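Structure assessment
One-letter residues, chain by chain:
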Amino acid sequence: MLRVVVPIVLLVVFVYGLIDLIRTDARQTRGISKPAWIVVQIVLPLIGAALWFLIGRPRGSAAASPAAYSHPAAPDDDADFLRNLELRRRNQAEADRLKKLKDELDAKERELGDGPGRSRGPESGEASGDTTQGTDEVK
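About the criteria used
Residues numbered from 1 in each chain as written. Predicted model: local features only at pLDDT ≥ 70, side-chain atom pairs only at ≥ 80, totals over all residues. Heavy atoms only, no water. Helix = DSSP H or I, 4+ residues; strand = E, 2+ residues; numbered from the N terminus. Buried < 20%, exposed > 50% of the residue type's maximum accessible area, 1.4 Å probe, protein only. Contact = heavy atoms within 4.5 Å. Polar contact = N/O pair within 3.5 Å; in protein donor to acceptor, adjacent residues only side chain to side chain. Patch = residues over 30% accessible without salt bridge, like charges linked within 9 Å, V, L, I, M, F, W, Y side chains within 5 Å. Areas by Shrake-Rupley, 256 points an atom, 1.4 Å probe, with all protein chains shown as cover. Salt bridge = Lys/Arg side-chain N within 4 Å of Asp/Glu carboxyl O. Axes fitted to C-alpha atoms, helices over the stretch in contact; angles between N-to-C directions. Parallel < 35°, antiparallel > 145°, perpendicular 65-115°, else oblique. Left-handed = near helix turned anticlockwise from the far one by under 90°. Nonpolar A, V, L, I, M, F, W, Y, C, P; charged D, E, K, R; others polar. Phe/Tyr/Trp six-rings, centres within 6.5 Å; stacked < 30°, edge-to-face > 60°. pLDDT = per-residue confidence, 0-100.

Helix and strand counts for the chain stand at 4 helices and 0 strands. Each helix and strand of the chain, placed in order from N terminus to C terminus, yields the pattern α-α-α-α. Looking at the chain residue by residue over its 139 residues, the buried ones come to 13%. Of the contacts made within the chain by residues no fewer than 6 positions apart, 50% connect residues no fewer than 24 positions apart.

Structure (structure tokens):
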């Protein structure tokens, strides 16, 4: 029985180490490069797997997860995209609101300008306070 269990355990450790190595991102391996780790595990199956688990494997459990890639599969899965979409929608709504308020203000100014009780300001030239009229200048 022991003659069957020990080789199976060694084979399981070797295969698990090799699969873990293959699924790990090349930038996260420690010690030597990923292809070198594969050669070490194939040449020295048990020792290579043990060295991989002790030295070469990246720290943390998120390294071998299948969702460790940097960008989502669809735009609606991307939190940054959705956040930017919401910000753009809010900015557009605020711009529309400000434009509406400005249009209302312009309409009220036009309405007041057409009314009979409008006081004339400096832009009309009558109440500008210009005292240069009537002076004796040599031309």
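Having put the structure on the table, let's press on.
Looking at where Gln41 falls in the secondary structure, it is placed in helix H2 (residues 34–43). Polar side-chain contacts of Gln41 include one of 3.0 Å to the backbone nitrogen of Leu18.

Moving on, we come to a nonpolar patch on the surface. Among the surface-exposed residues, Val39, Val43, Leu44, Ile47, Leu51, Leu54 and Ile55 lie close enough to one another that they form a single nonpolar patch of about 640 Å² accessible area. Put simply, the parts of the chain that give the nonpolar patch at least two residues each are H2 and helix H3 (45–56). In terms of residue count, H3 provides more of the nonpolar patch than any other element does, 4 residues in total. Following the sequence through the fold, Ile47 ends up in helix H3. Residue class for Ile47 comes out exposed when judged on its relative accessible area of 51%.

Time to look at the packing of helix H1 (residues 2–23) against H3. Relative to each other, H1 and H3 sit at 50°, their axes nearing to 9 Å. For the element pair H1 / H3, the angle class is oblique. Of the two possible hands of crossing, H1 and H3 adopt the one that is left-handed. Contacts between H1 and H3 involve Leu10, Val13, Phe14, Tyr16, Gly17, Asp20 and Leu21 on the former and, on the latter, Pro45, Leu46, Ala49, Trp52 and Phe53. Along the lines of polarity and charge, the residues of the contact of H1 with H3 split into 10 nonpolar, 1 polar and 1 charged.

The subject of this paragraph is the packing of aromatic side chains. Per the counting criterion, the structure on display carries 2 aromatic pairs. With a centroid separation of 5.6 Å and 70° between ring planes, the pair formed by Trp37 and Trp52 is classed as edge-to-face. Taken together, the residues span a long stretch of sequence, with Trp37 in helix H2 and Trp52 in helix H3 at a distance of 15 residues. According to the relative accessible area criterion, Trp52 is buried, its value standing at 0%.

Once that is clear, we can look at the confidence of the model for the chain. On average, residues of the chain score 78 in pLDDT, and 71% of them are at 70 or above. Per-residue pLDDT, averaged within each element of the chain, yields its smallest value for H3 (87) and its largest for helix H4 (residues 79–114) (90).

All chains considered together, the criterion is met by 8 salt bridges. In this structure, Asp25 and Arg27 form a salt bridge, with 2.9 Å as the shortest nitrogen-oxygen distance. Overall, Asp25 belongs to the partly exposed group, its relative accessible area being 29%. The exposure class of Arg27 is exposed, given its relative accessible area of 74%.

What follows concerns the side chain of Asp20. Mapped onto the fold, Asp20 is located in helix H1. The class of Asp20 is buried, set by a relative accessible area of 6%. Looking at Asp20, its side chain comes within polar contact range of the side chain of Arg57, at 2.8 Å.

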